[in-house]
Amino acid sequence: MVSLVCSLTYGLGAMAVFVLWRTCISLYLSPLRVLRGPPCPSPFYGHVHHIFRAGNYHTAQKWVAEYGNNVFCRWLIPCLWTADPQAIRHVLQSGNFIKPWEFRLPAARVVGNSVLVAEGVSQCAANPAFGPAQVRELVPIFVDKSAELRDVWMEEISAQSGCARINVIAGLKKMTLDVIGLAGFDYDLQALRNTDKPNELYKAFHQIFNVTPPVSLRRIITDSVPFLGFLADEYTLATRHARAVMQRIGHQLIQQKKAAIMRERAGTSGEVETKDVHGRDLLTLLIKANMATDVPDAQRLTDEQVLSRAFLVAGHETTSTAAAWCLYALSHNRGAQEKLREELLAAPTVAPTMDDLAALPYLDHVLRETMRLYAPVALMIRAAQRDDVIPTSEPVVDRDGRVLHGIRIGRGNRVIISVLALNRSSAIWGEDALEFRPERWDNPPEGASNIPGVWGNSLAFSGGVHACIGFRFSVVELKALIFTLVRAFTFEFAADPADVTTIGMFTQRPALQSEVAKGAQLPFLIRPYVVA
């Protein structure tokens, strides 16, 4: 008992010294302190609560208007908050900036050592499952699950005499989770249909991704100091259990697939080569690629790494959020909704292929405009591994009126990349930057080419060495989903637009300000589309 008390005392003492250094000494020493920025509302949390509170998109616009594109703020420790395309390009592409420990540690406890968390990960190790040819084979899953969601909503409409008030977030999340199950690891989660008795893996995913807990000092400490795990709160304990379920079932799936692959090869040499890598789900592709005899040992993945790459379940949250915002935007631009529906109904098929979806230009414009104006991931955070000078698009005036032609940043200081502020910049997109106007993509502004994103002249899927490797998967899934739903229904928003806000930390999920406690929601009046 005495040793436990001593360990706890030493641990808390070390944490106190760490906090003192991070909040006081490093703040004084940071070269970022010369920049202008808002007053700090909390000595420990800094601007964390301010940035992540409901409706945080107003914060980005206010800071740009008051301080410019490069702002000094606090994320526990000194930060550069930036919406400057040149600064963002440097941060994402220089190799000096990594995901910080306060993001990686808690994320790793949920999704493992996945590409969402790990640094120094070769994208080549995961890309065999995310190339165009592989995504092409997954399109039937996207289309089938979109049709299943359409049928679920049609049943609700029939039960309500031709018009139903539906919170689209709920159905979209179940649909995208079902897609991840089948396309990711060939497992039917039955999220859309089996609502009475959800299976074990679905309940685990639901626990992890359905609730965003508030920022908590207690959770930060227990995530960062393993031997203090006994202080974990109820949310953390439930998440650990869910993670254990994911691990157990995931490793069972890996062993089953390995055995099936070896049975496939039993009639031949028994060896697997990269040319033999076939199969539709990502887990099978990764296992076969990893078992290939012509792959160097240095490039092989452990079972844990294979599993974490296939269990990219966090992607279902951003995809469903993007789809919800797309329907919201279309409900407020009836002309765009009708123009899109006209294009979709003219398509020669109800079950489009990847090429069919690529041949629909207005659908592409609608999704690009949605991801620009309502990017699901509003912020990205990186930490400097060494002292650096970040270039800027234009000179920066510091708090003493001096003109800077670059921003000095210290080792360990954070950079908060405001995806939302960059994607909504009037300097890039014009005075109508806050309007949903898909037609702008007929002739994108010249400044859009300076945004270092991997897709769509936006940072919706990040950029640089850690750009989202699943962006093709997500884009094609979104196209299949919107194709199916807009052909089948008309969407009318069922709440006051002024009541719409956002919740979440890094993702901006839609919600109603008057009912924030209910979590993410977007209610629509949905009716079947009837050809006049």
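Above this note sits the structure.
Throughout this document, residue positions are counted from 1 along each chain, in the order its sequence is written. In view of the model being predicted, local features appear only for residues whose pLDDT reaches at least 70, and side-chain atom pairs are presented and counted only at 80 or more, with totals across whole chains, interfaces and linings using the full set of residues. Each side-chain value is derived from all of the structure's non-hydrogen atoms; neither hydrogens nor water enter the calculation.

K.L.:
Before we go on, may I ask you to explain helix α8 (residues 168–185) in this structure?
P.N.:
An α-helix turns once per 3.6 residues; consequently, residues spaced three or four apart project the same way. With 18 residues, α8 extends 26 Å from end C-alpha to end C-alpha; this agrees with the ideal 26 Å at 1.5 Å per step. Burial here depends on accessible area, computed with a 1.4 Å probe over protein chains only, as a share of the maximum for the residue type. Under 20% is buried, over 50% is exposed, and the range in between is partly exposed. Counting from the N terminus, the helices are the DSSP runs of H or I reaching at least four residues and the strands are the DSSP runs of E reaching at least two. Within α8, 15 of the 18 residues are buried, which leaves the element mostly enclosed by the surrounding structure. Backbone geometry just after α8 places D186 at a positive phi near 55 degrees. One less than the residue count of a helix, multiplied by 1.5 Å, gives the span that helix is expected to have.

K.L.:
Could you clarify how one ought to interpret the sheet that holds strand β14 (residues 523–528) in this entry?
P.N.:
Two modes of strand pairing occur in sheets, parallel and antiparallel, and in both the strands are linked by backbone hydrogen bonds. The three strands lie next to each other as β4-β14-β11, forming an open sheet whose pairing is antiparallel. Each edge of the sheet is formed by a strand with only one pairing partner; in this case those strands are β4 (164–167) and β11 (489–493). Between one strand axis and the next, the sheet turns through 40 degrees on average, direction left out of account. Across four bridges, β4 lies against β14 in antiparallel orientation. Counterpart to N167 in the pairing with β14 is P523. Sheet contacts for helix α20 (residues 471–488): β11 and β14; angle to β11, the most-contacted strand, approximately 90 degrees. Between any two strands, pairing holds if DSSP finds at least two bridges. Here an angle of 0 to 180 degrees is reported between the N-to-C directions of two axes, which are lines fitted to C-alpha atoms, with helices fitted over the stretch in contact. We call two residues in contact when some of their heavy atoms are within 4.5 Å.

K.L.:
How should the pattern of salt bridges be read in this particular structure?
P.N.:
Working definition: two side chains of opposite charge can pair if their charged atoms are close together. For this document, the term salt bridge refers to a Lys or Arg side-chain nitrogen within 4 Å of an Asp or Glu carboxyl oxygen. Counting across every chain of the model gives 22 salt bridges. In this structure, K173 and E317 form a salt bridge, with 3.7 Å as the shortest nitrogen-oxygen distance. With a gap of 144 residues between them, K173 in helix α8 and E317 in helix α14 (residues 314–332) connect regions that are remote in the sequence. Neither residue differs from the other here; K173 and E317 are each classed as buried. Across the salt bridge formed by K257 and D186, the nearest N and O atoms sit 3.7 Å from each other. Of this pair, K257 sits in helix α11 (residues 234–264) while D186 is found in the loop between α8 and α9 (200–209), placing the two residues 71 residues apart along the sequence. Overall, K257 belongs to the buried group, its relative accessible area being 13%. Judged by relative accessible area, which is 48%, D186 ranks as partly exposed. Each of K145, E148, E155, D178 and R193 takes part in a single network of salt bridges with overlapping partners.

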